[in-house]
Amino acid sequence: MKYFSLNHNTKNTSFSDAVIRGLAPDRGLYFPEKIPTLPKRFFDRIEGMSIPQMAYKVIKPFVGKQINKKKLKEIVTETLDFEFPLIEITDNIAALELFQGPTLAFKDVGARFMARALGHFNKGANKKITVLVATSGDTGGAVANGFLGVEGVNVVILYPKGKVSDIQEKQLTTLGQNITALEVDGVFDDCQEMVKTAFLDNSLASIQLTSANSINVARWLPQMFYYFIAYRALKHKNKKLVFSVPSGNFGNICAGIMGQQMGLPIAHFIASTNVNDSVPRYLDTGSYDPMPTVQTISNAMDVGNPSNFIRIQKIFNNDLFRMKKNLSGYAYTDDQTKKALKEIYAEKKYVADPHGAVGYLGLKEYLHQHAEDLYGVFLETAHPIKFIDTVEKTLKLKVPVPERLKETLSKEKESISIRDYRDLKSYLLD
Ligand SMILES: *Cc1c(COP(=O)(O)O)cnc(C)c1O
């Protein structure tokens, strides 16, 4: 499989090159030359496969021969080495829990896959790779954890000061080894802009920089697995499936739509956002007007200008009509999100997190507007403990701290404060 840049100003390249570069030299996002399809017998037999067997078949055509069969199977098996429970909330609504990995958020899957792929590609090379990543919350922790101790790779994380939760901050500032956290005086979009600038800066040419944001194909594509996992578990219901995805940078939902294009029977996608609603507004009005980021209680989705949206546009060939047949979008305020947390708890004594609650709201709204016999899944993208203040205050209960988090919380934060791009550059060159 070859990858091309969505800016169309650079040569097509291999999977490994796309993974190592992150962003194409013309600043475009990489996209596969064609979207492979899976044969009918794959879907007929899906329940008989283990999750790693299934995932291997899904990702294989995107990787091609660049990682051999045995190694790719090993990478996929290690990546998916935890549970993905489906929790029924009502007769036709379930939560797909994606937070059972080491950092309690769904980004673990993409980060673990990418770390292993990049480590594999850089094996034996004499130059270290520096992974530069901006985070609005969960990416940093997942990437840091995924790459911790990977030989030949340094990780530098930029996060907005005071705008991530305490737990998120601990997860990205306490690891040490090959991981460094830079605390930026600004918002997430400032961090993301600095990362993009660094990639284009010729004076940094001596450093092999790559990105681990969902712009990187090795982080983005493995997120397809969630939708296959849910389908595999729900196939026996014989219902049309719809997915509501709490969305920020739109990598996760875009991966789901890729899965659908490969043949996965999904009837519709719902992009659920907080008030950072560029995409729902686009679906309403047909014009894409990104806005400055607004801070919310679902902070991992505080993204004013989602970078993966261009990939979704590509999938539908920039045809708004086609896009709207497959994708709806709804946006919610923090007050609505808190009400949803209460509603989900009242329904099933289920403690959701604010991101999952936004997903639930979008799903309810879509199901309400469509009388068909549908089954809806909303993605529970983070453990409620990561948003403990909001969840405990809203639901008036205590969320028990999972064992794997206790150790992280007991460690001291270590970070370097930076204000602007100049500071970042001098850190990298030092
Ligand atoms: C990153 C994140 C999201 C948004 O995912 P995108 O792929 O950026 O749309 C939603 N919820 C949580 C908890 C996240 O960490």
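The following refers to the structure shown. (Residues numbered from 1 in each chain as written. Predicted model: local features only at pLDDT ≥ 70, side-chain atom pairs only at ≥ 80, totals over all residues. Heavy atoms only, no water.)

## Focus on the site of the ligand
Close to the ligand lie 15 residues, the nearest being K107, D138, G248, N249 and T381. One of the backbone N or O atoms of N249 is found 2.8 Å from an oxygen atom in the ligand. In the model, an oxygen atom of the ligand is placed 2.9 Å from a nitrogen or oxygen of the F250 main chain. Of the residues in the shell around the ligand, the class split is six nonpolar, seven polar and two charged. (Near = heavy atom within 4 Å. Polar contact = N/O pair within 3.5 Å; in protein donor to acceptor, adjacent residues only side chain to side chain. Nonpolar A, V, L, I, M, F, W, Y, C, P; charged D, E, K, R; others polar.)

## Quick word on helix α17 (residues 388-395)
All of the buried residues in α17 are T390, V391, E392, T394 and L395. The inward-facing, buried residues of α17 abut α15 (334-348) and α16 (354-369). A positive phi of about 50 degrees marks K396, the residue just after α17. (Buried < 20%, exposed > 50% of the residue type's maximum accessible area, 1.4 Å probe, protein only. Helix = DSSP H or I, 4+ residues; strand = E, 2+ residues; numbered from the N terminus. Contact = heavy atoms within 4.5 Å.)

## Here's the deal with the nonpolar core
With 120 residues, the main nonpolar core has F147 and L158 as its most contacted residues. Once residues within four sequence positions are removed from consideration, L158 is found in contact with L132, V133, A134, T135, L182, V184, C191, M194, V195, I418 and L424. One finds I89, I93, F378 and L405 within the second-largest nonpolar core, a separate group that totals 32 residues. (Core = buried A, V, L, I, M, F, W, Y, C linked by side-chain atoms within 4.5 Å.)

## Things to note about the environment of N178
Note on placement: N178 falls in the loop between α7 (166-173) and β8 (179-184). Owing to a relative accessible area of 11%, N178 belongs among the buried residues under this scheme. Linking N178 and V150, residues 28 residues apart in sequence, is a C-alpha distance of 8.0 Å. The contact partners of N178, leaving out residues within four places of it in the chain, are F147, L148, G149, V150, V153, N154 and V155. Of the polar contacts made by the side chain of N178, one reaches the backbone oxygen of F147; its length is 3.0 Å.

## Here's the deal with α15
With 15 residues, α15 should reach 21 Å at 1.5 Å per residue; the first-to-last C-alpha distance of 21 Å fits that figure. Those residues of α15 lying buried are T337, A340, L341 and I344. Within α15, the buried residues cover an arc of 105 degrees as seen down the axis, which keeps them to one side. Seen from the open side of α15, the exposed residues pointing more than 90 degrees away from its buried face are D335, K339 and A346. Positive phi shows up at K349, right after α15, with a value of about 55 degrees. (Expected span 1.5 Å × (residues − 1). Arc of directions from axis to C-beta.)

## Remarks on the packing of α15 against α17
Taken N-terminus to C-terminus, the directions of α15 and α17 make an angle of 65 degrees; their axes are 10 Å apart at the nearest point. The handedness of the crossing between α15 and α17 comes out as right-handed. Together, K338, L341, K342 and Y345 of α15 and T390, T394 and L395 of α17 make up the contact between the two elements. The residue inventory of the contact of α15 with α17, partitioned by class, reads three nonpolar, two polar and two charged. (Axes fitted to C-alpha atoms, helices over the stretch in contact; angles between N-to-C directions. Left-handed = near helix turned anticlockwise from the far one by under 90°.)

## Remarks on the sheet that holds strand β6 (residues 129-134)
If you trace the five strands from one edge of the open sheet to the other, you get β9-β6-β7-β8-β14, paired in parallel fashion. Looking at the sheet topology across the chains shown, the edges are occupied by β9 (208-211) and β14 (416-418). Averaged over all pairs of adjacent strands, the angle between strand axes in this sheet comes to 30 degrees, irrespective of strand direction. Taken together, the three bridges between β8 and β14 define a ladder with parallel strand orientation. Considered in β14, the bridge of V184 is made with I418. (Pairing = 2+ DSSP bridges.)

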